[in-house]
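Below, each chain spelled out in residue letters.
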Amino acid sequence: MRMSTKSVCYIVVLLLFSACTTSKSTVSNNVNLSYYEYASIINNDTYRIPAELMEYEIQLFDAVENSHLKLVSDARIYELNPNQQKRLLLVKYGVNVTQEETVVTVNFIDYDTGRPVASCRGAYSSLGIAGAGYDINEAIKRVSKQISETFSKSN
């Protein structure tokens, strides 16, 4: 009985620690996000999730698509007229997995100026108990929520 009490205490401490991971969004003070209508996710060698993590890339695309932004393939940006290009955000993302926490960051950059306008961060930690796959999945859920909240405020 004593052993199970210790186990429960450890689990509670781990849950409290994992709750300390911070998911947040940062938006430029000088930008009106409702101005933007399109998003193009940069999909090149620098911003690419390894093939074995493709299911998570799908979730990242879904997260951006669930904002009010219309997705445009990076190969078709030049088909947009100049007015549409002014309303375009480039999307870059990164995934950082450490033993302490998993962080997924999605950055939104004005196509016309190259200026970063918003950054959404989703973080999660099970301290390795649940496994990296679970942590990435939860971090993506959190960044999805941040994206949704950030772009819904602008409407």
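Our structure is the block above this text.
All values derive from a computational prediction rather than experimental measurement. (Residues numbered from 1 in each chain as written. Predicted model: local features only at pLDDT ≥ 70, side-chain atom pairs only at ≥ 80, totals over all residues. Heavy atoms only, no water.)

Enquirer: Even after reading the chapter, I still don't get the overall build of the protein chain, so can you show me in this structure?
Expert: Helix and strand counts for the protein chain come out as four helices and six strands. For the protein chain, the sequential pattern of α-helices and β-strands runs α-β-β-α-β-α-β-β-β-α. Here the protein chain holds 155 residues, and the buried ones make up 35% of them. Partitioning the intrachain contacts of the protein chain with sequence separation of at least 6 by distance along the chain shows that 64% fall at a separation of at least 24. A total of about 9,100 Å² of accessible surface is found on the protein chain, and carbon and sulfur atoms cover 53% of it. (Helix = DSSP H or I, 4+ residues; strand = E, 2+ residues; numbered from the N terminus. Buried < 20%, exposed > 50% of the residue type's maximum accessible area, 1.4 Å probe, protein only. Contact = heavy atoms within 4.5 Å. Areas by Shrake-Rupley, 256 points an atom, 1.4 Å probe, with all protein chains shown as cover.)

Enquirer: What is the right way to read the side chain of Gln-146 from this model?
Expert: Tracing the backbone shows Gln-146 in helix α4 (residues 132-153). What Gln-146 contacts, discounting residues up to four positions off in sequence, is Ser-23, Lys-24, Ser-25, Cys-120 and Arg-121.

Function-wise, these values are silent; they only describe arrangement.
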